[in-house]
Amino acid sequence: MKKKVLIIGAGGFIGGFIADESLRRGFETWAGVRPSTSREFLNHADIKFVNLDYSDVDKLAAQLRDAMPDGGRWDWIVYNLGATKCANFADFNRINYIFLQNTVNALRIADMLPERFLFMSSLSAIGPGDEKNYEPLTNRSIPQPNTRYGVSKIKAETFLETCADLNWTIFRPTGVYGPHEQDYLMMIKCIDAHWDFGVGFRKQLLSFIYVKDLAAAIFDAIATPQTLRRKYIIAEPQVYTQSQFRKIVAKALGRKFVVPVRLPLWTAYIASVVAEKYAVAKMKASTLNRDKFKIMKQRNWNCDISDARHDFGFAPAYSLERGIAETVVEYRKSKNNSK
């Protein structure tokens, strides 16, 4: 029988690719969304939708039961719900931690705990790495998150570790990029305009994972018994400097002349504070804020992915050059359509 898969937090950039990968593998696919969630990237006719209220445990349990009547349940649940930027920093805790607790408790009430539950955490749950010798971050690194986002993710991970009745797996992806993603799109737009802005003057190592590789890794991991109650860093095996990233993007865009501009950390901090306060006044989340500044400030995003390689054969198909090439194609299509 086909596996039944529920993707919680299916709206947005990563969720759409997870749903596409689930369908590509022949699984029955449900998208857990809120009524206000955009379905722009969930346009496949075979996707079934479930409207979920994560703030009310009893209501959420009833919604889950109604979506799968006659005592049915999902075999696999991918929990991709999360906030990466908030106008109110308290929302990180509410969305990334409390909503996960509510979901697991609702699944218990509904008697619908799945065969496997994969939680999408973040490399930020570990916090800053070694910035002297640039040793890679590993799953054995002691978490010391220095952002509110990272703290909310490590709290969520810790909660799952207390759930003896839940068969969980945790992913800690590094920076995820691809078509429709907004943060890296800003960098691509700048380079397209012949400018490349970087922050800080010390050496920085960057790591990436293309969204299609992340989606494929999710289902490879869930299907493998060795991943039960394990955590995995997900990244391309190679690291890059800002200069290498700029050259790859410029090549994909056909830009031969790009001006690199290095900004002191203090100017980036001031800009982050101003952008954050402006966003709070407008009650909108800002891409640039003090949490984001700490992430930009971090010099070492080097990752050890040996556990994922060993346990479920993780081998990203996309190099940064190939992934950026696909991303730029979609960027140009969107640019042309907006004219």
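One can find the structure itself at the top, above this paragraph.
Draft legend 1. Highlighting the pattern of salt bridges. Using the criterion set out here, one finds 22 salt bridges in the structure. We note a salt bridge from Asp311 to Arg230, for which the minimum N-O separation is 2.9 Å. Of this pair, Asp311 sits in helix H10 (residues 306–312) while Arg230 sits in the loop between helix H6 (211–222) and strand E10 (231–234), and the two are 81 residues apart along the sequence. With a relative accessible area of 10%, Asp311 lands in the buried category. When the shortest N-O distance is used, the salt bridge between Glu321 and Lys251 registers 2.9 Å. One end of the pair, Glu321, is in helix H11 (residues 320–337); the other, Lys251, is in helix H7 (residues 242–253), with 70 residues separating them in the sequence. Exposure remark for Glu321: the relative accessible area of 40% places this residue in the partly exposed category. Residue class for Lys251 comes out exposed when judged on its relative accessible area of 62%. Linked by salt bridges that have partners in common, Glu21, Arg24, Arg25 and Asp220 make up one network.

Draft legend 2. Examining unusual backbone geometry more closely. A positive phi angle, close to 85°, is found at His180, a residue other than glycine. With respect to the helices and strands, His180 occurs in the loop between strand E7 (175–177) and helix H5 (183–192). Phi angles above zero are rare outside glycine, and His194 is one such case at about 75°. On the secondary structure map, His194 appears in the loop between H5 and strand E8 (195–199). Judged by its relative accessible area of 32%, His194 is partly exposed.

Draft legend 3. Focus on the layout of surface pockets. Quantified by volume, the second largest pocket comes out at close to 330 Å³. For the second largest pocket, the lining is made up of 20 residues, of which His180, Leu185, Glu330, Tyr331 and Ser334 are closest to its centre. Secondary-structure elements contributing two or more residues to the lining of the second largest pocket are H5 and H11. Element by element, the count of residues in the lining of the second largest pocket is highest for H11, at seven residues.

Draft legend 4. Broad picture of the pairing of strand E5 (residues 116–120). Of all five residues that make up E5, five are buried, and the element is covered over most of its length. In this view, the connection linking strand E4 (residues 76–79) to its parallel neighbour E5 by way of helix H3 (residues 90–109) has right-handed handedness. As defined by bridge partners, E5 adjoins strand E6 (residues 168–173) across four bridges and the pair is classed as parallel. Bridged to Phe119 within E6 is Ile170. In terms of handedness, the path from E5 via helix H4 (residues 148–161) over to E6 forms a crossover that is right-handed.

Draft legend 5. Spatial organisation of the packing of aromatic side chains. Taken as a whole, this structure holds 20 aromatic pairs when the rule is applied. When the ring of Phe208 is compared with that of Phe245, the centres are 5.4 Å apart and the planes differ by 10°; the resulting orientation is stacked. Taken together, the positions of Phe208 in strand E9 (residues 208–210) and Phe245 in helix H7 put the pair 37 residues apart, joining distant regions of the chain. A ring pair is formed by Tyr232 and Phe312, whose centres lie 5.3 Å apart and whose planes are at 90°; its orientation type is edge-to-face. In this pair, Tyr232 sits in strand E10 while Phe312 sits in helix H10, placing the two residues 80 residues apart along the sequence. The exposure class assigned to Tyr232 is buried, which follows from its relative accessible area of 0%. Members of the aromatic cluster, connected to one another through ring pairs, are Tyr177, Tyr184, Phe208, Tyr210, Tyr240, Phe245 and Tyr318. Over the ring of Tyr134 we find Lys203, and its NZ or CZ is 4.6 Å from the ring centre.

Analysis parameters
Residues numbered from 1 in each chain as written. Predicted model: local features only at pLDDT ≥ 70, side-chain atom pairs only at ≥ 80, totals over all residues. Heavy atoms only, no water. Salt bridge = Lys/Arg side-chain N within 4 Å of Asp/Glu carboxyl O. Helix = DSSP H or I, 4+ residues; strand = E, 2+ residues; numbered from the N terminus. Buried < 20%, exposed > 50% of the residue type's maximum accessible area, 1.4 Å probe, protein only. 1 Å grid on protein atoms, 1.4 Å probe; cavity = no way out; pocket = protein on both sides within 12 Å on 5 of 7 lines; lining within 4 Å. Points joined across faces, edges and corners; volume = space filled by probe spheres on them. Right-handed = clockwise from strand over helix to strand, strands pointing away. Pairing = 2+ DSSP bridges. Phe/Tyr/Trp six-rings, centres within 6.5 Å; stacked < 30°, edge-to-face > 60°. Lys NZ or Arg CZ within 6 Å of the ring centre and 35° of its normal.

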